[in-house]
Amino acid sequence: MKDAERQARVSPAPVGGSGGRERVREETILPASGCQHAAQEDSAAHGFSLIEVLVSVTIITVLMSAVFQFLRFNQQRYRGDQLLAERNGGARSALELMTQELQQAGHNPNLNIHRSLTAAVTPTGGIVDVPVNDTTGLFYGNLVEIGSSSADPNREIIAVLGDSTHGITSTTFPAIPTLPHASGQAVFTRSLPFPNGILYSASAVGTGQSVAVNLVQFFGDIDGNGTLHYGEYKLVDTGTTSTLPCQTGSGPQDCHLMEMSRFMTSILNPDIPAAKSATSDTFSPLADNILAYPDGSGVYRNPDQKPILQLNYDTFGNVTYGFTTYVRSVDVDLTLQTVDKDPEVNDYRIIRMRSHMVPTNINFAWGITLQGGSPDLPFKPKDPAGHTLPIPD
């Protein structure tokens, strides 16, 4: 017999005079486990109790609240980091552009393309129009070399000049030659850098000097393409203030929100523009949301009163012959505020970025000066009409 089932069979017994007919009674005994399973199925049919449901809902609500809080916190943190990244990227781009352009300040380009005289030149003792096949890249004040080599007996270096009747054209430039030159002779420029490629005039001789400014003015072959450009970087007050404090002589004050603007235009094509309005170029924003406050002289400074723009210079010369100021480096120190408040702290966040910019050409000119070669350095350009740099508004 099987363990799960036992059967009992009863021997046939006569049933009340049935005449030998027999009835067999058969019983089946089920195992205990079968009874328990049936009881469980009956209980499950009734479902969960109200208390069980309420406890489950409460637990799920608490868990979901924690999850959403975590997601919200991470979203705020991401937005705050994004605001800082935008400020950092904008400031970094501005400083990189300023560094590239100020490094080129004072660059006085040589004529890289071969030029030659298209006709003979005879000296007259005054200004003559020297004929060449191309005057692109020539400007007033250039030192022009005529002659193929130092062995050429008629080789000389002359300056490009100009007056009311003589000017640079597409095929001639005015100069005062002292020797005759045959047609076809080579024409080059062997130009030294402008010592005042970053414009600033000091009134005393000295080295290691510095000054805080709101405006940086510079010129030179900024793009390296043989064309002179004049540029400016200017701090502009937007007229709005920040809730962040700036330290001043009279205690903390709300910082001003400033903008760094950039202006760039070509010059000496062939003349210097009489005013910025005479050019097709305008100021454009370079960086904004700069925190600053003006000092007693009107120069804007950082919240900790350090300069935003600082010129570091040496001055050479004397009262008789005048002074030449060599701006040998520029320090730019920006404190910038985020455009929007950081949702994590419900306030604006700031970043600080600094850059030390060294104009290579001006420092080369300073080296020439220290070796006694300052008389050969060119002055800032001036056209026949008397226009010079900086270009007024």
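Please refer to the structure higher up on the page.
Residues numbered from 1 in each chain as written. Predicted model: local features only at pLDDT ≥ 70, side-chain atom pairs only at ≥ 80, totals over all residues. Heavy atoms only, no water.

Let us look at the overall build of the chain. A count of helical and extended segments in the chain gives three helices and 17 strands. In the chain, buried positions account for 38% of the 393 residues. By sequence separation, contacts in the chain at least 24 residues apart represent 66% of the contacts at least 6 residues apart. Per element, the accessible surface of the chain, about 21,800 Å² overall, is 54% carbon and sulfur. (Helix = DSSP H or I, 4+ residues; strand = E, 2+ residues; numbered from the N terminus. Buried < 20%, exposed > 50% of the residue type's maximum accessible area, 1.4 Å probe, protein only. Contact = heavy atoms within 4.5 Å. Areas by Shrake-Rupley, 256 points an atom, 1.4 Å probe, with all protein chains shown as cover.)

Moving on, we come to the state of the cysteines. Enumeration according to the criterion identifies one disulfide in this entry. Note on cysteine connectivity: Cys246 is disulfide-linked to Cys255, with sulfurs 1.9 Å apart. Linking Cys246 and Cys255, the disulfide has an S-S dihedral of approximately 110° and is accordingly described as right-handed. Each member of the pair, Cys246 as well as Cys255, is classed as buried. (Disulfide = S-S within 2.5 Å.)

The next thing to look at is helix 2 (residues 50-104). With 55 residues, helix 2 should cover 81 Å at 1.5 Å per step; its first-to-last C-alpha distance of 81 Å lies within 8% of that length. Looking at helix 2, one finds that the buried residues are Gln76, Gly80, Leu83, Leu84, Arg87, Ala91, Ala94, Leu95, Met98, Thr99, Glu101 and Leu102. (Expected span 1.5 Å × (residues − 1).)

Moving on, we get to the layout of surface pockets. The volume enclosed by the largest pocket comes to roughly 610 Å³. Lining the largest pocket we find 26 residues, and of these Asn196, Phe323, Thr324, Thr325 and Phe379 sit closest to its centre. Counting residues per element, the ones that place at least two in the lining of the largest pocket are strand 10 (215-220), strand 15 (309-318) and strand 16 (322-337). Counting residues per element, the lining of the largest pocket draws most heavily on strand 16, which supplies five residues. (1 Å grid on protein atoms, 1.4 Å probe; cavity = no way out; pocket = protein on both sides within 12 Å on 5 of 7 lines; lining within 4 Å. Points joined across faces, edges and corners; volume = space filled by probe spheres on them.)

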